[in-house]
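# Results of the structural survey
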Protein chains: 2
Amino acid sequence: MIIEKIKESRFTPEVFDIETFGTAFSDHMLLCWYKDGKWGEPIIKPYGKLDFTPAISVGHYGQGIFEGMKAYKGSNGDVYLFRPEKNFERLNKSAVRLDMPEIPEHIFMDGLKALVDLDRQWVPATHGMSLYLRPVMFATEEAITARSSNEYLFAILTAVAPNYYNKPLSVKIADRYSRAANGGVGFAKAAGNYAGSFYPTHLAREEGYDQVVWTDDATHTFIEEAGTMNVMVRIGDKLITAPTSERILDGVTRDSMLQLATKLGIEVEVRKITVQEVYDAHKSGELKEVFGVGTAVVVNNYVAVGYGDERLELPLLSPEESYGQILKKNLVDLQMGVSEDPFGWRVKVEENLVEA
Amino acid sequence: MIIEKIKESRFTPEVFDIETFGTAFSDHMLLCWYKDGKWGEPIIKPYGKLDFTPAISVGHYGQGIFEGMKAYKGSNGDVYLFRPEKNFERLNKSAVRLDMPEIPEHIFMDGLKALVDLDRQWVPATHGMSLYLRPVMFATEEAITARSSNEYLFAILTAVAPNYYNKPLSVKIADRYSRAANGGVGFAKAAGNYAGSFYPTHLAREEGYDQVVWTDDATHTFIEEAGTMNVMVRIGDKLITAPTSERILDGVTRDSMLQLATKLGIEVEVRKITVQEVYDAHKSGELKEVFGVGTAVVVNNYVAVGYGDERLELPLLSPEESYGQILKKNLVDLQMGVSEDPFGWRVKVEENLVEA
């Protein structure tokens, strides 16, 4: 690994005051190029510009995949990653489905740790805040021919993540547009999945909702995801979520929440869940919560669910009553090193990994 | 429009000898940037590099759309476009579905004509050859947050298109993977549609096929597209193709072929077509042709269709017998200015549109 340190750090304590997500990048980035059938030597260098022509393959044919991760700083100053092997494995599952080369584990893991170590001052110590980590791979060949690219860039970027305030969000159940096809790329963290979701989300916003709850494309009767997150529904005291499939992303937060919930004694059901069931549970008063779970925001507890022309208002639960908020607190405490880690999920980033 | 001419042209007659598609770019490119809610002034300048960071939005969230077009040179030296308004309209349909800004007609059309005029020596005069034109738009904002980009690049690139030799191609009918969802982006010329198709095509190649015939994602019983082209099936003396839909691209070549076929007295049916029907027609000896139609290759007459473990060999028809080859000849003759243009499809590119 080549290390090219920034001459003068751009860090100031004010970087933690940002309110937007994903636009304030730390000092360094990791780059690794794939060419002639193999990965080159990774390099960590100052975050900045690269040369591409408008013939860059990803702009035309969309071979792009990514992961969302975070680095956390405990009160003792230790910096942690959270289950990074899950992101590594999923990135390579995405790569296979998008006909892209898999990234070797040592490039991903050693690169990630070295980068976070080097920029550890960018990891905020405030509880609930973190440094967002973005491993990404996209097609860079200068060729406008409809085939898999012969060249790729794997990069890891890091951006300060603000402490999401709990803006109440509402969601609209999809009854016209879809996110994923059977036999498609829904399970992959593929660039095209996001591009296809923006317009239906735009339409949902015009109806007064913030996000879309995706349903199956054939019948719109089964609930699949919410926004860019996995979705969980609480009916009575049962927490229900759809099984992962080729249409549904295998979320790291989803998996962690399910394990945490079981440990906390919450009854969990992983099974298909219908729109009708959610609707009926609302009518009978048993629908207690619907929330999205994902790395960026951890938990989004929805205040309302739109179904056709109806807006189903959800009850306002206290943080102590809400499964979503209980799980969020337990997960963040574990991630930040405040609580024990019975699952072995925290991975400490050792200091001075990088000799420059 | 700003014109910045290349200091010394890279053109030599040898550029027409290339055998690969989409990698040899002409002297100039058109660029136009969208920022702060509006399109800037387009600029034509030497083809080359731009600055982007790895946080370029399209690499993460896949907002990218494009068109495929060609410029043709008649024997009198005139340069023609073919139905450019169809590509303009479709690009903006794609833009809406991908939540991207529409491009104004004058930027698209005036820019296209000025660019082709300026690089008219790059349009080969050999019958069957052309200069490939690639209008493309993708998201350029430096932001890794899952929302529509606030900045876009619209570009037109041009690349010499070789005269495709008629390598016999075979296709595999999809029975596991899919290209498009109901309520998805299949009708759009969206980057992600291509990315999702490469791996199933890769698998088809391992089975000895060149391309995939896409079917509906729910049942795999209806034929939709072939490779990156629309597909036409000839049973007996009837030419059948699926209606366009939200899952099927509204191909310019497809539409032109249907009009040409009708004019030539070929019986055309635009209706849903099942895999079973194609299979049965092969068994009864009535399946005469299956071919893909699209801008890049015009017509691909397939020699075999794979269905499950069976390889259905198609009859070898002479160019005079084959609907695919008859239509291809008629279309290319029209495009190149060899034949009359009863449809008004040819658009002449006037000379000296550009003052530099």
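Residues numbered from 1 in each chain as written. Chains lettered and ligands numbered in written order. Predicted model: local features only at pLDDT ≥ 70, side-chain atom pairs only at ≥ 80, totals over all residues. Heavy atoms only, no water.

Looking at an unreviewed UniProt entry, one finds chain A named Branched-chain amino acid aminotransferase, with Moheibacter stercoris as its source organism. According to the UniProt record, the Sequence similarities (unreviewed entry) comment for chain A is "Belongs to the class-IV pyridoxal-phosphate-dependent aminotransferase family." UniProt annotates chain A under Cofactor (unreviewed entry) with the comment "pyridoxal 5'-phosphate". (UniProt positions renumbered as here; feature names shortened; annotations may be inferred.)

Here the focus is the relation of the copies chain A and chain B. Relating one copy of the chain to the other requires a rotation about an axis plus a shift along that axis. Superposing chain A onto chain B requires a rotation of 180° together with a translation of 0.0 Å along the rotation axis, leaving an RMSD of 0.0 Å. The operation mapping one copy onto its partner corresponds to a two-fold rotation axis. Most of the interface of chain A is mirrored in chain B, where 100% of its interface residues are also at the interface. (Least-squares fit on C-alpha atoms with pLDDT ≥ 70 in both. Contact = heavy atoms within 4.5 Å.)

Right, let's talk about the pairing of strand β2 (residues 28–35) of chain B for a bit. Residues and elements named next belong to chain B. The element β2 is largely enclosed, with a buried count of six among its eight residues. Relative to strand β4 (residues 43–46), β2 runs antiparallel, the two sharing four bridges. Across the sheet, Met29 pairs through a bridge with Lys45, a residue of β4. Here β2 pairs with strand β10 (residues 152–161) via five bridges, running antiparallel. Paired with Leu31 across the two strands is Ala155, which belongs to β10. Pairing between β2 and strand β3 (residues 38–39): two bridges, direction antiparallel. Within β3, the residue paired with Lys35 across the bridge is Lys38. With antiparallel pairing between neighbouring strands as the criterion, β2 and β3 make up a hairpin whose turn holds two residues, including Asp36 at a positive phi of roughly 50°. (Buried < 20%, exposed > 50% of the residue type's maximum accessible area, 1.4 Å probe, protein only. Helix = DSSP H or I, 4+ residues; strand = E, 2+ residues; numbered from the N terminus. Pairing = 2+ DSSP bridges.)

Generally speaking, soluble globular proteins have nonpolar side chains that are buried together. Ranked by size, the top nonpolar core spans 131 residues in total, and within it Phe154 of chain A together with Phe154 of chain B carry the most contacts. In this view, Phe154 of chain B contacts Leu30, Leu31, Cys32, Trp39, Leu91, Ile103, Ile107, Phe108, Pro135, Val136 and Met137 of chain B; residues no more than four positions away in its chain are not counted. (Core = buried A, V, L, I, M, F, W, Y, C linked by side-chain atoms within 4.5 Å.)

A separate point is helix α3 (residues 105–118) of chain A. All names here are of chain A. The end-to-end C-alpha distance of α3, which contains 14 residues, comes to 19 Å, matching closely the 20 Å that a straight helix rising 1.5 Å per residue would cover. A large share of α3 lies buried, amounting to 10 of its 14 residues. Of the positions making up α3, those classed as buried are Ile107, Phe108, Met109, Gly111, Leu112, Ala114, Leu115, Val116, Asp117 and Leu118. (Expected span 1.5 Å × (residues − 1).)

All names here are of chain A. Helix α7 (residues 323–335) packs onto helix α5 (residues 252–263) with a crossing angle of 105° between their chain directions and a minimal axis gap of 10 Å. The orientation of α5 with respect to α7, classified from their angle, is roughly perpendicular. Between α5 and α7, the residues in contact are Thr253, Ser256, Met257, Leu260 and Ala261 and Leu327, Lys328, Asn330 and Leu331, respectively. Per-class residue counts for the contact of α5 with α7 are five nonpolar, three polar and one charged. (Axes fitted to C-alpha atoms, helices over the stretch in contact; angles between N-to-C directions. Parallel < 35°, antiparallel > 145°, perpendicular 65-115°, else oblique. Nonpolar A, V, L, I, M, F, W, Y, C, P; charged D, E, K, R; others polar.)

All names here are of chain A. For the structure shown, the criterion picks out 38 aromatic pairs over all chains. On the basis of an interplanar angle of 65° and a centroid distance of 4.7 Å, the ring pair of Phe21 and Tyr132 is categorised as edge-to-face. Residue Phe21 is located in the loop between β1 (2–3) and β2 (28–35), and its partner Tyr132 is located in strand β9 (residues 130–139); the two are separated by 111 residues in the primary sequence. Each of the two residues, Phe21 as well as Tyr132, counts as buried. A cation sits over an aromatic face here: Arg176 above Tyr177, 4.7 Å from the ring centre. (Phe/Tyr/Trp six-rings, centres within 6.5 Å; stacked < 30°, edge-to-face > 60°. Lys NZ or Arg CZ within 6 Å of the ring centre and 35° of its normal.)

Moving on to a negative patch on the surface. Residues and elements named next belong to chain A. A cluster of acidic residues, Glu85, Glu89, Glu105 and Asp110, forms a negative patch at the surface. When residues of the negative patch are traced back to their parent elements, those giving at least two are α2 (84–97) and α3. In this structure, Glu105 sits in helix α3. (Patch = residues over 30% accessible without salt bridge, like charges linked within 9 Å, V, L, I, M, F, W, Y side chains within 5 Å. Areas by Shrake-Rupley, 256 points an atom, 1.4 Å probe, with all protein chains shown as cover. Salt bridge = Lys/Arg side-chain N within 4 Å of Asp/Glu carboxyl O. Lys, Arg positive; Asp, Glu negative; His and termini not counted. Charge placed at Lys NZ, Arg CZ, Asp CG, Glu CD.)

Residue and element names in this part refer to chain B. Tracing the chain through its elements places Lys172 in strand β11 (residues 169–173). Here Glu207 takes part through its side chain, which lies 3.1 Å from a polar atom of the side chain of Lys172. For Lys172, the residues in contact, after removing those within four places along its chain, are Ala204, Glu207, Tyr209, Gln211, Val212, Val213, Gly306, Tyr307 and Gly308. (Polar contact = N/O pair within 3.5 Å; in protein donor to acceptor, adjacent residues only side chain to side chain.)

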